[in-house]
Amino acid sequence: MRFVAILMGSKSDYEAMCEAEKILAKFGVKHELIITSAHRSPQRTKDYIKEAEKKGAQVFIAAAGMAAHLAGAVAAYTTKPVLGVPMSGSALGSMDSLFSTVQMPSGIPVGTLAIGKAGAVNAAYLAVQILALNDGGLEAALKEDRKSREEGLVADSKSVEVIL
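Residues numbered from 1 in each chain as written. Predicted model: local features only at pLDDT ≥ 70, side-chain atom pairs only at ≥ 80, totals over all residues. Heavy atoms only, no water.

**Some words on the overall build of the protein chain**
Right, on to step 1. Counting its regular elements, the protein chain contains six helices and five strands.
Right, on to step 2. Reading the secondary structure of the protein chain in the N-to-C direction produces β-α-β-α-β-α-β-α-β-α-α.
Right, on to step 3. Since a compact globule built from 164 residues should have a radius of gyration of about 15 Å, the 17 Å found for the protein chain is in line with a globular shape.
Right, on to step 4. Along the first, second and third principal axes, the C-alpha atoms of the protein chain reach 60 × 40 × 30 Å.
Right, on to step 5. Expressed as a percentage of its 164 residues, the buried residues of the protein chain come to 44%.
Right, on to step 6. Sequence-distant contacts in the protein chain: of pairs separated by 6 or more residues, those separated by 24 or more amount to 68%.
Right, on to step 7. By element, 56% of the accessible surface of the protein chain is carried by carbon and sulfur atoms, the whole surface being about 9,000 Å².
Right, on to step 8. Of the charged side chains in the protein chain, 18 are positive and 17 negative, and the gap between their average positions amounts to 5 Å. (Helix = DSSP H or I, 4+ residues; strand = E, 2+ residues; numbered from the N terminus. Rg over C-alpha atoms; globule rule 2.2 N^0.38 Å. Buried < 20%, exposed > 50% of the residue type's maximum accessible area, 1.4 Å probe, protein only. Contact = heavy atoms within 4.5 Å. Areas by Shrake-Rupley, 256 points an atom, 1.4 Å probe, with all protein chains shown as cover. Lys, Arg positive; Asp, Glu negative; His and termini not counted. Charge placed at Lys NZ, Arg CZ, Asp CG, Glu CD.)

Quick look at the structure:
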């Protein structure tokens, strides 16, 4: 079974990460979601990654706030693509989570998305794009989604346009 694994550092990340679930469901992409921490439950994190790979995880999405750096821990244990979503809410204005996700050492990449909900949505879209490399049906669905988004934007514009 091919699927996307979503890992969150705490339950407070769920409000944003459920948006990733919605996108994956929209495209019919199977996924798992768990709460695990690079620091508070490191063995659970490591065990989950290995088990998820055995079950067919193709892409990992990891979200964490502060300097928790869950995405980096995931990347240390897999060669599958890891997409990091920094979470907001820290005393440092989310910069700590952004820096801890984006500043990876050479050879252990993490694709870092925007902070919070926008990052969760784009991480899911990027995961679908990765899977679509070997799935023509998903590729077609992505193209249709883009077309639909464009049509929606044009319709929105027409409802407010003032053109001379």
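**Structural notes on the packing of aromatic side chains**
Right, on to step 1. Under the criterion given, the structure shown has one aromatic pair.
Right, on to step 2. Relative to Tyr125, the ring of Phe27 has its centre 5.7 Å away and its plane inclined at 75 degrees; by these criteria the two rings are edge-to-face. Of this pair, Phe27 sits in the loop between helix H1 (14–26) and strand E2 (31–35) while Tyr125 is found in helix H5 (residues 117–132), placing the two residues 98 residues apart along the sequence. For the pair Phe27 and Tyr125, a shared accessibility class is recorded, and that class is buried. (Phe/Tyr/Trp six-rings, centres within 6.5 Å; stacked < 30°, edge-to-face > 60°.)

**Regarding the sheet that holds strand E4 (residues 82–86)**
Right, on to step 1. The parallel open sheet is built from five strands, whose spatial order is E2-E1-E3-E4-E5. Sheet topology places E2 and strand E5 (111–112) at the edges, where each strand pairs with a single neighbour.
Right, on to step 2. Relative to E4, strand E3 (residues 57–64) runs parallel, the two sharing five bridges. Bridging across to E4, Ala63 finds its partner in Val85.
Right, on to step 3. The sheet strands contacting H1 are strand E1 (3–8), E2, E3 and E4, and the helix crosses E1 at an angle near 175 degrees. (Pairing = 2+ DSSP bridges. Axes fitted to C-alpha atoms, helices over the stretch in contact; angles between N-to-C directions.)

**Looking at helix H3 (residues 70–77)**
Right, on to step 1. For H3, a buried count of six out of eight residues is recorded, marking the element as mostly surrounded by other parts of the structure.
Right, on to step 2. Those residues of H3 that fall on the buried side of the exposure criterion are Leu70, Ala71, Gly72, Ala73, Val74 and Ala75.
Right, on to step 3. Buried residues belonging to H3 abut E1, helix H2 (42–55), E3, E4 and helix H4 (95–102).

**Looking at the environment of Glu32**
Right, on to step 1. Of note, Glu32 is situated in strand E2.
Right, on to step 2. In sequence terms Glu32 and Glu53 are 21 residues apart; their C-alpha atoms lie 12 Å from each other.
Right, on to step 3. What Glu32 contacts, discounting residues up to four positions off in sequence, is Phe3, Val4, Ala5, Ile6, Tyr48 and Lys55.
Right, on to step 4. Among the polar contacts listed, one links the side chain of Glu32 to the side chain of Lys55, at a separation of 2.5 Å. (Polar contact = N/O pair within 3.5 Å; in protein donor to acceptor, adjacent residues only side chain to side chain.)

**Focus: the environment of Gln58**
Right, on to step 1. Tracing the sequence through the fold places Gln58 in strand E3.
Right, on to step 2. A relative accessible area of 31% means that Gln58 is categorised as partly exposed.
Right, on to step 3. Each residue touching Gln58, except ones within four places of it in the same chain, is listed here: Arg2, Phe3, Lys80, Pro81 and Leu131.

**With respect to the pattern of salt bridges**
Right, on to step 1. Within this structure, the stated rule accounts for seven salt bridges.
Right, on to step 2. Here Lys55 ties to Glu32 by a salt bridge, and the two come within 2.5 Å at their closest N and O atoms. Here Glu32 lies in strand E2 and Lys55 lies in helix H2, a separation of 23 residues in the sequence.
Right, on to step 3. Take Lys55: its relative accessible area is 34%, and that puts it in the partly exposed class. (Salt bridge = Lys/Arg side-chain N within 4 Å of Asp/Glu carboxyl O.)

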